[in-house]
Amino acid sequence: MTIQMRALGVHLLTASGAVFAMLALLAAAQEKWSIMFLWLVVAFAVDGIDGPLARKYHVKHNAPRFDGELLDLIIDYLTYVFIPAFALFQSGLLPGWTGWVAIIVITFASAMYFADTRMKTADKSFHGFPGCWNMVVLVLFAVEPNFWITLAVVAVLAVAMFLPLKFIHPVRTKRWRAVSLPVALAWTFFAGWAAWVDFYPQSWAHWGLIAASVYLILAGVVQQVLPER
């Protein structure tokens, strides 16, 4: 197989995320939340794999017809933002007007963030909360906090998208990557398990989700407070 074919294969792998997004949306339309999140976890795993492969096979040079970054952003908006926002609204976790506020804030703020040319920092982290609403909403489904807490989480993270706060990329941020990457992999496992058991309230996976999420959210901020020597 030539390097050009391998590079094209990476684009095809990225594009498969659109199929998983559609399968997740169909499940969400039927309010089969566990199945929806399982498809989103699959899409999340693909998103974690295609980036390193794209850099390995130099897709910009070897398969330049397709813009991998644009393709990735389109699919990310579907799987990270649009479908999770719909699930948050349709599930009833945010009743009445709070649900409307949440989906408007999430979709609008995320659209602006995804178009932000300063999205990435010098160390390949994210400048502001990177719109990973799929991760946030999955944890909210698992924990089911009071709707005021859910609304507060949405509001705080939406504002954090545009604050000078750093959020790590588990694969590309080199600092603490030896910890961050295993934590991200663990989060993916816990997420898949929680969805597999239909968010059973006593599942041990919920504690793993919370612990991994706290690390992934705060690691970049801690790195800002404790600059590398």
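Check the entry above for the structure.
Heads up: these notes are all about the structure in this document. Since we're looking at a predicted model, the values are computed, not measured.

**Considerations on the packing of helix H5 (residues 97-114) against helix H7 (residues 147-160)**
Phase 1: Two numbers describe how H5 lies on H7: the axes approach to 10 Å, and their chain directions differ by 20 degrees. Here H5 lies roughly parallel to H7, going by the angle between them. With respect to the hand of their crossing, H5 and H7 are arranged in left-handed fashion. In this structure, H5 uses Trp 97, Thr 98, Val 101, Ala 102, Val 105 and Ile 106 to contact H7, whose residues at the interface are Phe 147, Trp 148, Leu 151, Val 154 and Ala 158.
Phase 2: When its residues are assigned to classes, the contact of H5 with H7 shows 10 nonpolar, 1 polar and no charged.

**Quick word on the pattern of salt bridges**
Phase 1: The full count for this structure, using the stated rule, is 3 salt bridges.
Phase 2: The partner of Lys 60 in a salt bridge is Glu 69, and the shortest N-O contact between them spans 3.0 Å. Each member of the pair, Lys 60 as well as Glu 69, carries the same accessibility label: exposed.
Phase 3: A salt bridge links Lys 166 to Asp 123; its shortest N-O distance comes to 2.9 Å. Of this pair, Lys 166 sits in strand E2 (residues 166-167) while Asp 123 sits in the loop between H5 and strand E1 (126-127); the two residues are 43 residues apart in sequence, bridging distant segments of the chain.

**Remarks on the nonpolar core**
Phase 1: Counting 57 residues, the largest nonpolar core has Met 36, Phe 37, Leu 88, Phe 129, Trp 133, Trp 187 and Leu 209 as the members making the most contacts within it.
Phase 2: Put simply, the parts of the chain that give this core at least two residues each are helix H1 (3-29), helix H2 (33-56), helix H4 (68-90), H5, helix H6 (133-143), H7, helix H8 (177-196) and helix H9 (205-225).
Phase 3: Among the elements that line this core, the one with the most residues is H6, at 9 residues.
Phase 4: Excluding residues that lie within four positions of it along the chain, Leu 88 makes contacts with Leu 93, Leu 94, Ala 102, Ile 106, Val 137, Leu 140, Thr 150 and Val 154.

**Quick word on the packing of aromatic side chains**
Phase 1: Under the criterion given, the structure shown has 20 aromatic pairs.
Phase 2: Ring geometry for Phe 44 versus Tyr 80: centroids 6.2 Å apart, planes at 35 degrees, classification tilted. With Phe 44 in helix H2 and Tyr 80 in helix H4, the pair connects residues that are 36 residues apart, well separated along the chain.
Phase 3: For Phe 44, a relative accessible area of 16% translates into the label buried.
Phase 4: Note on Tyr 80: relative accessible area 7%, which makes it buried.

**Quick word on a nonpolar patch on the surface**
Phase 1: On the surface, a cluster of nonpolar side chains totalling about 980 Å² of accessible area is made up of Val 143, Trp 176, Val 179, Trp 207, Ile 210, Val 214, Ile 217, Leu 218, Val 222, Val 225 and Leu 226.
Phase 2: The dominant element in the nonpolar patch, judged by the number of residues it contributes, is H9, at 7 residues.
Phase 3: Along the polypeptide, Trp 207 turns up in helix H9.

**Description of unusual backbone geometry**
Phase 1: Not every positive phi belongs to a glycine, and His 58 is a case in point at roughly 50 degrees.
Phase 2: Among the secondary structure elements, His 58 is positioned in the loop between H2 and helix H3 (59-62).
Phase 3: Positive phi is not limited to glycine here, since Lys 124 has a value of about 70 degrees.
Phase 4: Mapped onto the fold, Lys 124 is located in the loop between H5 and E1.

**Thoughts on empty space enclosed by the protein**
Phase 1: All told, the structure shown has 2 cavities of 30 Å³ or more when counted by the stated rule.
Phase 2: Looking at the largest cavity, the residues that line it are Leu 13, Thr 14, Gly 17, Ala 43, Val 46, Asp 47, Asp 50, Asp 72, Ile 75, Asp 76 and Thr 79.
Phase 3: A class-by-class count of the residues in the lining of the largest cavity yields 4 nonpolar, 3 polar and 4 charged.
Phase 4: Here the second largest cavity defines a volume of roughly 40 Å³.
Phase 5: Secondary structure elements with two or more residues in the lining of the second largest cavity: H2 and H6.
Phase 6: With 4 residues, H2 is the single largest residue contributor to the lining of the second largest cavity.
Phase 7: Taken together, the residues of the lining of the second largest cavity break down into 6 nonpolar, 1 polar and no charged.

**Some points on the side chain of Ser 34**
Phase 1: For Ser 34, the position within the fold is in helix H2.
Phase 2: The exposure class assigned to Ser 34 is buried, which follows from its relative accessible area of 11%.
Phase 3: When neighbours within four sequence positions are excluded, Ser 34 is seen to be in contact with Ala 195, Asp 198 and Phe 199.

Each value, and the rule that gives it
Every residue gets a number counted from 1 within its own chain, in the order that chain's sequence is written. With the structure being a predicted model, the display of local features is reserved for residues of pLDDT at least 70 and the display and counting of side-chain atom pairs for 80 or more, all residues being used for whole-chain, interface and lining totals. Computation of side-chain values covers all heavy atoms of the structure but excludes hydrogens and water. All axes here are fitted lines through C-alpha atoms, helices being fitted over the stretch that makes contact, and every angle between N-to-C directions spans 0 to 180 degrees. Here a helix means four or more residues in a row that DSSP labels H or I, a strand means two or more in a row labelled E, and each is numbered from the N terminus. Any angle that is under 35 degrees is reported as roughly parallel, and any over 145 degrees as roughly antiparallel; angles of 65 to 115 degrees are reported as roughly perpendicular and all others as oblique. Each crossing gets its hand from how the near helix is turned against the far one by less than a right angle, where anticlockwise is left-handed and clockwise is right-handed. In what follows, residue pairs with any heavy atoms lying within 4.5 Å of each other are defined as contacts. Three categories are distinguished: nonpolar for Ala, Val, Leu, Ile, Met, Phe, Trp, Tyr, Cys and Pro, charged for Asp, Glu, Lys and Arg, and polar for the others, with Gly belonging to the last. Salt bridge, as used here: a side-chain nitrogen of Lys or Arg that lies within 4 Å of a carboxyl oxygen of Asp or Glu. When accessible area is computed with a 1.4 Å probe and restricted to protein chains, residues below 20% of their type maximum are described as buried, those above 50% as exposed, and intermediate ones as partly exposed. Nine residue types can take part in a nonpolar core, namely buried Ala, Val, Leu, Ile, Met, Phe, Trp, Tyr and Cys, and a core is a set of them joined through side-chain atoms within 4.5 Å. Stacked, tilted and edge-to-face are the three classes applied to pairs of Phe, Tyr and Trp rings, where Trp contributes its six-membered ring and a pair requires centres within 6.5 Å; stacked means planes under 30 degrees apart, edge-to-face means over 60, and tilted covers the rest. The patches reported here contain residues having more than 30% relative accessible area and no salt bridge. Joining distances are 9 Å for like charges and 5 Å for nonpolar side chains (Val, Leu, Ile, Met, Phe, Trp, Tyr). Every accessible area reported is derived by Shrake-Rupley at a probe size of 1.4 Å, with residue values counting cover from the shown protein chains alone. In this analysis the probe radius is 1.4 Å and the grid spacing 1 Å, with only protein atoms considered; a cavity is a set of points the probe fits into but cannot get out of, a pocket is an open set with protein on both sides within 12 Å along at least five of seven lines, and lining residues have an atom within 4 Å of a point. Grid points are joined across faces, edges and corners, and a volume is the space filled by probe spheres set on the points.

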